[in-house]
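Okay, here's what each chain looks like letter by letter:
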Amino acid sequence: MKFNFNEKDISILKVVSQVSGGFALIVALTMIFSLVQLKTVNPLDNPVLLSIKEQYDKDPSNAAKAEQVRAIDLMARKAYFSSRWQVETGSYLLVAGVVIFIFCQRMIAESEKLKPVVADTKPDSTLNRGKNRKYLLSAAAFILTSAIVSSFFLRADLPDISGKAPTASKKEAKGDEKASAPDKTNWPSFRGQDSRGAAGGKGYPTEWDAASGKNISWKLEIPKKGKSSPVIWGDKLFITGAQDKFCEVYCIDKKSGKILWTGSASDIPGEPAVLPKTDPDAGLAVSTAATNGKVVCAIFSNGNLVCFDLDGKKKWMKNIGVPESSYGYTSSLLIYKDLLLVQFDSNTKISLLGIDLESGDQKWETLRHGRAVWSSPVLGNFKGKPEIVINGNPYVSGYDPLTGNLLWEVECMSGDVAPSVAVNSTMAYAVTDYAKLVAIKPDNGVSVVWEDNTYTPDVSSPVATDQYLFVSTGNGDIACYNALKGDTLWTHYFQDPFYASPLIADDMVYFLDRSGKTHIVKVGATFKLVAESALGEAADCSPAFSDGKIYIRGRKNLYCISKN
Amino acid sequence: MKKALPYIIFILLLFWHVAIMAQDRFPRPEFESGHVYPTNQMPVPRAPFWEYFDVVVLIAALAVTTWLALKRRSRQGLVWMSLFSLAYFGFYREGCICAVGSVQNVSLALFNTGYSIPITALLFFIIPLLFALAYGRVFCAGVCPLGAIQELTGIRPVKLPKFVEILLASVPFIYLAIAILFSSTNSQFIICRYDPFVGIFRLDAPYTMIIFGALLLLAGVFVNRPYCRFLCPYGVLLNIFSRFAGKHLTITPAECTNCRLCEEACPYNAIIPSNLEQKTEEPEKSRKRFILYFVFVPVFAIAGALLLYNLAPVLSGANSNVRLAREIRTEKKSGIESPLKDVIAYKESGKTETELYNEEELIIGRFRNDSPWAGAFLGISFGIGMISLTVKSRRSEYKPHQGKCYSCGRCFKYCPIKVKS
Amino acid sequence: MEGKNKYQSRRDFVKSAGKLIVVLPLVVVPAFLIKKTSVKGYVWQIDPFKCTQCGQCKTNCVLTPSASKCVHAFRMCGYCDLCGGYLRQGVKTISTGAENQLCPTNAITRKFVEEPYFEYTINEKLCDGCAKCVKGCGDFGNGSLYMQIRHDRCVNCNECSIARTCPSNAISRIPASTAYLPKDRK
C-alpha cells in the first residue's frame, strides 16, 4: 500500500498502536493471572468445597449443611464457567489488540523509508566462504560434543538381555535345568521337594495304628501348637510352633524323636504388638519351614522371618511386615538355590519376595496383582525352565525363580484361594472351592488345556504325575483325573473331610483326612484302596516322607511311622 | 424387593472396586408407560469434500503466490497473500493439516502397517515440494500459515552474527531426522506437539506452548522468521528442492547492474552478491579442499550413524510402551508402587510382563535399526554443507540463494531497476 | 564470455541432474504409498471398552474444555434410582441436591420417568470431560456412561494429544465415514 503518510498520520498511528498494544498487554496479563489462579486452585476441587462436603457426610440429615454445600458448589461452578468464558473472550480480545498493534507498527515501519545504506566494501566471497566453513565446522563440533556428553547423562534403563534372558526370544525358551527326581531322604519344604507332593525312595509303610502302637516308631508332643508341616534334611526334622506371640522353631532328631534345639522367632524388630487375625486354633505357626541342608528358615503369621543354621545358631531375622488377611497368613516358604522365596499376601499388597539366604537382604520383590490368597508357591520345571507357579485370585501366574520376573499369568480363579498348584513335567493344575479346577500348560505363552468343577478342594492341594491328577476335597471326596485330557477316571467318597494335601510315595497316594485316618490308594486308572491307617488324633497337616518313614503332625503330637 | 435390590447390590459393591466396565449389573428397564429411549445427538465430522477443497485452495494459493513473486513481483501482493493464508490455513482451518506436519504422516505410513495415509496429507506433502522444484520456496512466501504469521510480524529486522546463524541453521536438520525417526517408529508426532503457532491459530493450547509461541513471535519481530530459519523441518526439504528450480524469484526485474543497493535488503541473509571482480583462491587449494571434504562425506555419515546408534535407547524413550516397561522395572527394583496412570491401567489390563518386555525390545530394536540412518543423513548433510562452502562460483549478478530464499519479495523495492510494462 | 558460458552450462547441467535425482523420491514415495493411501480421512475415537476413566481426557486435550465428553448409551442404562454415575459414593439420601451429585459441573440431569426408573441425560455444554460419572457408572452400574470424542468440538489433530498419553491405548484413528464408536453398537 503506497500511502503517503504525513506527520499527523504517523502520530495518530503511533497513538493507536500504543493504545492497542497497551490494551493487549493488559488483557494478556489478566489472562495469565487468572490462568495462574486456575492452576493453583481448581474452582471445582477447591478445599473449602471438599471440607464442607466432608462435614455434610458426617451429618447427612443436617439440612443446613446441605444448603451450605449447595451454595458453595454453585459458587464454584459459577467461578469455573466464568473463568472459562473469561479465557475465551480474553483470547479474542488479545488477538484483536495484537492485530491492530501489529498493523499500526507495520504502517509506521513502512513509512520510515530509509535509503538503503551501501557498505564501504563489498563482502569478499572467498573470505566469507572460508569463515563460514570454520563456523560450520565449529557448529558441528559443538553439536557433536554436546550429543556425546548428554549421552552419558541420559542413560536409559535397558531390559536385561544378558545371556539367555527368559524374555529374550519369542521362540521356545528351552531352559537347561533338569527337574531332579525327589530325594529319598530330604523333604525340604511344604509338600516335599519343590513343593510337588512327591516323595523319593521306597518302602514306605501303608499300615499303622496309633492306638495299638503298630508301626509307630516314636511320638513327641510338640511344645507349642501349630498347623505347619514338618520338613526334613538328613537326620534332622524341623517344625514350628507358636503360643500367642511366642514363636519357635524346633529341630528334632528324626531317628529318636528328641528335640535337639529350639530356636526363638520372637522379639524381632518390627514385630507387631497386636497379633494379626488368624484362625484361633492355629496360632502364628501355620506356614511350613524350608531347609536346604545348610540353613532352615521359618515364617510366622505376624511377618516374623528367621533363618538358623542346622545347629541352631541364628543367622538372621527380620519382620517383613504384617500380612493382614481374613484367614491370616498361611503361605509356606520355598528355597531355590541361594534365594528364599516368600509369597507375601496381605490385603494391602501382594507380592513375591526373593530374599538372599546368606544375609537376609531382600534381593527383589515382584508385585503381584489381584487379591490376597492363602496358597503356597510351587517350583515347576517346564521344558528345562524352572518356574514358580502361584495359585492366586484371579491370576494363576508363573515367575522366574531367580529374578522374580512374571513369565505368564492366566485369569481363572476366584473366591478364597488356599490350595497350591500341582505340577507335572508339562502342566500346572490350579483349583479352589466354589471356583473350578484349571489345567494350565505354560509353553511358548500359556494356555488353558482343560477345566472341571466337580471336585474342588478348599484347603488341600492336588498332586499330579504326568498321567494322573489326584484331588481330595473338604467334602470327603477323592478323585483321580486324566492329567492330559481331564476326564474323571475314578472317585471315592470317604466320611471325613480332607485338609492335608495328598502325597505320592512309592507309587501310592496317601490321603490324610481330618480325623487322622490315612487312606492309601494305588496310583492308577482304577480305584484300588491299599490300606487305611488311623493316627488316633485329628490331623490337618500334610505329612513328610523320608527314608522309608512317614512323619505326621497331629493336633498335639508328631508321629514317626515306620515299618518295624 | 425390586426397589431394595439396587441398594443391596450397591452396598455389596461399595467396598469392592471393580476395574473393568461390567455390563448389565442392573437389568434393562421395561417401561410400562411406553417411554421411548431418547436418541443421542452425534454431530458429524467435517465432510470429506472440505478436505479436498483445502487441497484445491492450496494449489490455487501456490499458483497465485508464484505469479505474484515471479511474474508480478509485488511485495504488497505477497503480504496480502500471507494475510489470506494466515486467515484460511491458520485461523479458519486452525493450522491442521499442514505441510510441515505431513512429513510425519508419510514417514508413519512408509514404515508401519496398519496406517493408511489420507490422500490429502500426501498431497499436502508433495504439492509444495513440486512447486519448490519448479519455482522456488513460494510455499514459504505466501501459503504456509506459520511463515505468514512470522512474515507479518517481522517488522524490525536485525542481523544475527554469522556463527549463531550457522549453528542455529543446523537445528532443522536434526529436528527433521528426529521427527522422522519418532514417527516411523510410531512413537510421537513431535512436529505437531511442539508447533509454536498452532496454539495461537486455535486460540487454545497448553499454556506452555502459548508462551513459547508468543516468545518466538516476539523474537521474530527482530530476528525475522525464526521458526522458518531455525526450526522448520519441512524447510530442509524445501531448501533441497528449491535449489534445482528452473525459474526462481529474482531481485532485479531485468539485468543486474551491480549497484549494490540490495546488499542489506534481505533480513534472512539470502542474497548472494556478485564476485567477478574479486580475487579467487588458488584453484589447487580449493580443489584439494573439495576433494578432502568429498572423501570425508562417508566418514561423517558413519560417525553420525554411530552416534545415533548409541543414542537409540535414550531416543526410544519417546515411545510410551518403552517408558511403561522402564517404569515397571523401576517399580520392581525399588518396591515402591508407581502412581502413574499408565502403570495402573497396565496392571488392570492383564497384559503379562513378558509381553510388555518383548514389545519394548522390539521397539528398541527398531530404534537401533532406524537411528543410524538418521545419523547418516545428518553426517551427509554436514558433509554436503562443507562441500558447498568449498565450491567456487563466479557470479556476475546479485541473486538470491535458491535454498534459503523464501521468495518474500522484500528485496524488490531495493532494486532501482524498473521495467516498463 | 566463453568462461561464463562454460559456468552456465555446467551449472545448468548440475541443476538438471540434481532435479532428476531429487524428483525421484517424489515419484517413488507416492508409488510405495499407493496401497497405503486412503481416500477418506481419519477421525479420533475412544474405544469405550478399553477406557479406564483415568481423567486425562479432560486435561490432555489441546482444547479447553476438552473435545471428549461423556455420552450416555441409553440402551445400556438400568435407569436406576441409585445411579452410580449421578450420585456420589456413600450418599445417604437420593436427591438432585449438589451435596449428592458426583458431577462437579452439574452436567447430568435426572428426570423421573416411571416407578422406579429415572432417566439421566448429559448436557454437553456443561460437561468438561472429567470422567468421574463414567467411573462411577462403570464401577457400580451398567457402564452406560462413557467418554467419547465429539466431532463438533474436536479439531482432528494429526496426532491426538489424549491418544498419545492414554494409559490404556484406547484412542485410535478410525475412518471418517464411521465417525463414531458408540458403546451400544450391538
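Preceding block: the structure.
Asks: What is the right way to read the overall build of chain B from this model?
Replies: What chain B contains, in helices and strands, is 18 helices and three strands. At a minimum sequence separation of 6, the contacts of chain B that also span at least 24 residues come to 83%.

Asks: Explain the overall build of chain A here, please?
Replies: When you go through chain A residue by residue, the secondary structure sums to four helices and 32 strands. Considering chain A as a whole, with its 564 residues, one finds that 41% of them fall into the buried category. For chain A, long-range pairs separated by at least 24 residues make up 53% of all intrachain contacts whose partners lie at least 6 apart in sequence.

Asks: Explain the packing of helix α2 (residues 48-72) of chain B against helix α5 (residues 119-135) of chain B to me, please; I cannot follow it from the model alone.
Replies: Helix packing geometry: the angle between the two helix axes and the distance between the axes. Residue and element names in this part refer to chain B. Axis separation between α2 and α5 bottoms out at 10 Å; the angle between their running directions is 10°. With respect to each other, α2 and α5 are oriented roughly parallel. Seen along the crossing, α2 lies across α5 with a hand that is right-handed. From α2, Glu51, Tyr52, Asp54, Val55, Leu58, Ile59, Leu62, Thr66 and Leu70 reach across to α5, where they touch Thr120, Leu123, Phe124, Ile127, Pro128, Phe131 and Tyr135. Here the contact of α2 with α5 is built from residues that sort into 12 nonpolar, two polar and two charged.

Asks: I would appreciate a short explanation of the interface of chain A and chain C in the present structure.
Replies: Interface size, as often reported, equals the accessible area lost upon joining of the parts. In this assembly, 13 residues from chain A lie in contact with 10 residues from chain C. Elements supplying a minimum of two residues to the side of chain A that touches chain C: α2 (47-58) and α3 (63-111) of chain A. Per element, the largest residue contribution to the side of chain A that touches chain C is eight residues, and it comes from α3(A). Among the residues forming the side of chain A that touches chain C, the class breakdown is seven nonpolar, no polar and six charged.

Asks: What am I meant to see in the interface of chain C and chain B here?
Replies: Contacts between the two partners involve 61 residues from chain C and, on the opposite side, 68 residues from chain B. Every element with two or more residues in the side of chain C that touches chain B is listed here: α1 (2-33), β1 (37-38), β2 (42-46), β3 (68-72), β4 (108-114), β5 (117-122) and α3 (132-140) of chain C. Top element by residues in the side of chain C that touches chain B is α1(C). It accounts for 12 residues. Partitioning the side of chain C that touches chain B into residue classes produces 30 nonpolar, 18 polar and 13 charged. Judged from the two bridges that link them, strand β1 (residues 117-118) of chain B and β1(C) form a sheet pairing that is parallel. Considered in β1(C), the bridge of Pro118(B) is made with Ser38(C).

Asks: Help me understand the sheet that holds strand β2 (residues 231-233) of chain A in this model?
Replies: Hydrogen bonds between backbone groups are what pair the strands of a sheet, and the pairing can be parallel or antiparallel. Residues and elements named next belong to chain A. The four strands lie next to each other as β2-β3-β4-β5, forming an open sheet whose pairing is antiparallel. What marks the edges here is a single partner per strand, and that holds for β2 and β5 (259-264). In this sheet, neighbouring strand axes are inclined to one another by 25° on average, regardless of whether the strands run parallel or antiparallel.

Asks: How should the nonpolar core be read in this particular structure?
Replies: One finds Phe139(B) and Ala177(B) to be the most contacted residues of the largest nonpolar core, which totals 161 residues. No other element matches the 11 residues that helix α18 (residues 353-388) of chain B contributes to this core. The contact partners of Phe139(B), leaving out residues within four places of it in the chain, are Leu62(B), Ala99(B), Pro128(B), Phe131(B), Ala132(B), Cys144(B) and Leu238(B). Counting residues in each nonpolar core, the second largest holds 116 residues, with Ala265(A), Val471(A), Ile504(A) and Tyr559(A) among its members.

Asks: Can you help me understand helix α4 (residues 125-153) of chain A in this one?
Replies: Since the α-helix advances by 3.6 residues per turn, residues separated by three or four positions end up pointing in the same direction. Taking 1.5 Å per residue as the helical rise, α4(A) with its 29 residues ought to reach 42 Å, and the 42 Å between its terminal C-alpha atoms agrees with that figure. Turning to α4(A), its buried residues are Ser125(A), Leu136(A), Ala139(A) and Ala140(A). Elements in contact with the buried residues of α4(A): α8 (162-169) and α18 of chain B.

Asks: Looking at this structure, I do not really get helix α14 (residues 234-242) of chain B. What am I missing?
Replies: By the criterion of burial, α14(B) is predominantly enclosed, with eight of the nine residues buried. Listing the buried residues of α14(B) in full gives Tyr234(B), Gly235(B), Val236(B), Leu237(B), Leu238(B), Asn239(B), Phe241(B) and Ser242(B).

Asks: Even after reading the chapter, I still don't get the pairing of strand β6 (residues 145-149) of chain C, so can you show me in this structure?
Replies: Regular strands place side chains that alternate from one sheet face to the opposite one. Residues and elements named next belong to chain C. Taking burial as the measure, the five residues of β6 include five buried ones, the bulk of the element. By the alternation rule, side chains of β6 split into Leu145, Met147 and Ile149 and Tyr146 and Gln148, which are all buried. Sheet topology note: the β3/β6 ladder contains five bridges and is antiparallel. The residue bridging Cys70 from the neighbouring strand is Met147, located in β6.

Asks: Hey, could you run me through the pairing of β2(C) in this one?
Replies: All names here are of chain C. In terms of burial, β2 is largely enclosed, as five of its five residues are buried. Burial of the side chains of β2 extends over both faces: Tyr42, Trp44 and Ile46 are buried on one face and Val43 and Gln45 on the other. Bridge count between β2 and strand β7 (residues 171-175): five bridges; the pairing is antiparallel. What sits directly across from Tyr42, in β7, is Pro175.

Asks: Any chance you could explain the sheet that holds strand β16 (residues 395-399) of chain A here in plain terms?
Replies: All names here are of chain A. Taken in spatial order, the four strands make up an open sheet running β14-β15-β16-β17, and their pairing is antiparallel. Sheet topology places β14 (378-382) and β17 (406-411) at the edges, where each strand pairs with a single neighbour. Strand-to-strand twist in this sheet, taken as the mean axis angle between neighbours without regard to direction, amounts to 25°.

Asks: What is the right way to look at the environment of Cys103(C) in this model?
Replies: Residue and element names in this part refer to chain C. Tracing the backbone through its elements, the reader meets Cys103 in the loop between β3 and β4. On the neighbour-count criterion, Cys103 (26 C-beta atoms within 10 Å) is buried. Sequence separation between Cys103 and Leu87 is 16 residues; the distance between their C-alpha atoms is 8.1 Å. With residues near it in sequence (within four places) discarded, Cys103 still touches Ile108, Lys132 and Cys133.

Asks: I would appreciate a short explanation of the packing of helix α16 (residues 320-334) of chain B against helix α17 (residues 341-349) of chain B in the present structure.
Replies: Residues and elements named next belong to chain B. The interhelical angle for the contact between α16 and α17, taken along N-to-C directions, is 85°, at an axis separation of 10 Å. In terms of axis orientation, α16 runs roughly perpendicular to α17. On the side of α16, the interface is formed by Leu324, Glu327, Ile328 and Glu331, while α17 contributes Asp342, Val343 and Tyr346.

The rules behind these values
- Residues numbered from 1 in each chain as written.
- Chains lettered and ligands numbered in written order.
- Predicted model: local features only at pLDDT ≥ 70, side-chain atom pairs only at ≥ 80, totals over all residues.
- Helix = DSSP H or I, 4+ residues; strand = E, 2+ residues; numbered from the N terminus.
- Contact = placed C-beta atoms within 7 Å.
- Buried ≥ 20, exposed ≤ 12 C-beta atoms within 10 Å, placed from the backbone.
- Axes fitted to C-alpha atoms, helices over the stretch in contact; angles between N-to-C directions.
- Parallel < 35°, antiparallel > 145°, perpendicular 65-115°, else oblique.
- Left-handed = near helix turned anticlockwise from the far one by under 90°.
- Nonpolar A, V, L, I, M, F, W, Y, C, P; charged D, E, K, R; others polar.
- Pairing = 2+ DSSP bridges.
- Core = buried A, V, L, I, M, F, W, Y, C linked by C-beta atoms within 7 Å.
- Expected span 1.5 Å × (residues − 1).

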